Amino acid sequence: VHALLDPVRPLTTHYGAIRCLMELGPDVVNAVLLPNISTYINFLRPILHPESDDSVSDLQRLEAARVFQELVTASGTHLHAFLRDAPLVDGAQGAPVRDMVPEVPRSALSYDDMVDTLGDAVSAFVPSSIVTTTII
């Protein structure tokens, strides 16, 4: 976690930290990565979209893009596991819908917050049997 949140460390180290957190599972992603994701995106944004082309090298932009994609993958994988493991209830027109009952652990970041922070790429991780507007 310290490696990810240390802005002095290289982006390749941040990438490795995200991969390690992902390997520890969705609960770790929920507890450690998601609460810090918007702060981290604010760190990445000037590298991904620099004010001038001279301020950031092409290599740094490429590394930042890889880190960003890994954040999308970590968040999306967490979202998929979270929705897959939630209990099913009958929804409108008899379609299966996830019921976000209190005994289901809440995500540290809502689906809407994930989309606001990471973009629509996160929606690719939602299981096809789930209608996101109904659940979150």
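Each remark here, short or long, concerns the structure printed above.
Residues numbered from 1 in each chain as written. Predicted model: local features only at pLDDT ≥ 70, side-chain atom pairs only at ≥ 80, totals over all residues. Heavy atoms only, no water.

S.K.: Can you walk me through the overall build of the protein in this structure?
M.R.: Along the backbone of the protein there are seven helices and two strands. Scanning the protein from its N terminus toward the C terminus, one meets helices and strands in the order α-α-α-α-α-β-β-α-α. Across the 136 residues that make up the protein, the buried fraction comes to 38%. Across the protein, contacts joining residues at least 24 apart in sequence account for 61% of those joining residues at least 6 apart. Roughly 7900 Å² of accessible area belongs to the protein as shown, and the carbon and sulfur atoms make up 54% of that amount. (Helix = DSSP H or I, 4+ residues; strand = E, 2+ residues; numbered from the N terminus. Buried < 20%, exposed > 50% of the residue type's maximum accessible area, 1.4 Å probe, protein only. Contact = heavy atoms within 4.5 Å. Areas by Shrake-Rupley, 256 points an atom, 1.4 Å probe, with all protein chains shown as cover.)

S.K.: Which parts of the structure should I look at to understand the packing of aromatic side chains?
M.R.: How two aromatic rings sit relative to each other is set out by the distance from centre to centre and by the angle between their planes. Using the criterion set out here, one finds one aromatic pair in the structure. When the centroid spacing of 5.5 Å and the interplanar angle of 45° are considered together, the rings of tyrosine 40 and phenylalanine 43 count as tilted. Of this pair, tyrosine 40 and phenylalanine 43 both sit in helix H4 (residues 37–48), three residues apart, which is roughly one turn of the helix. The class of tyrosine 40 is buried, set by a relative accessible area of 4%. (Phe/Tyr/Trp six-rings, centres within 6.5 Å; stacked < 30°, edge-to-face > 60°.)

S.K.: Any chance you could explain the nonpolar core here in plain terms?
M.R.: A general tendency of soluble globular proteins is for nonpolar side chains to be buried together. Ile18, Leu33, Leu44 and Leu71 are the most contacted members of the largest nonpolar core, which totals 31 residues. Of all the elements, helix H5 (residues 58–85) adds the most residues to this core, at eight residues. Discounting chain neighbours no more than four positions away, the residues touching leucine 71 are Ile18, Leu33, Ile37, Tyr40, Ile41, Leu44 and Leu118. (Core = buried A, V, L, I, M, F, W, Y, C linked by side-chain atoms within 4.5 Å.)

S.K.: Which parts of the structure should I look at to understand helix H2 (residues 11–23)?
M.R.: Because an α-helix packs 3.6 residues into every turn, residues spaced three or four apart end up facing the same way. Over its 13 residues, H2 runs 18 Å from end to end, which matches the ideal 18 Å to within 8%, given 1.5 Å per residue. A positive backbone phi angle near 110° is found at glycine 25, which sits one or two residues after H2. (Expected span 1.5 Å × (residues − 1).)

S.K.: What's the story with the packing of H2 against helix H3 (residues 26–33) in this structure? I'm lost.
M.R.: In helix packing, the relevant descriptors are the interaxial angle and the interaxial distance, both defined with respect to the helix axes. Interhelical geometry of H2 versus H3 gives an angle of 130° and a closest axis separation of 6 Å. As the angle between them shows, H2 and H3 are arranged oblique. On the side of H2, the interface is formed by Ile18, Leu21 and Met22, while H3 contributes Val28, Val29, Val32 and Leu33. Along the lines of polarity and charge, the residues of the contact of H2 with H3 split into seven nonpolar, no polar and no charged. (Axes fitted to C-alpha atoms, helices over the stretch in contact; angles between N-to-C directions. Parallel < 35°, antiparallel > 145°, perpendicular 65-115°, else oblique. Nonpolar A, V, L, I, M, F, W, Y, C, P; charged D, E, K, R; others polar.)

S.K.: Which parts of the structure should I look at to understand the pattern of salt bridges?
M.R.: Pairing between side chains of opposite charge can happen when their charged atoms approach one another. By the definition in use, this model includes four salt bridges. We note a salt bridge from arginine 9 to aspartate 6, for which the minimum N-O separation is 3.3 Å. Judged by relative accessible area, which is 39%, arginine 9 ranks as partly exposed. Residue class for aspartate 6 comes out partly exposed when judged on its relative accessible area of 24%. We note a salt bridge from arginine 19 to glutamate 70, for which the minimum N-O separation is 2.8 Å. (Salt bridge = Lys/Arg side-chain N within 4 Å of Asp/Glu carboxyl O.)

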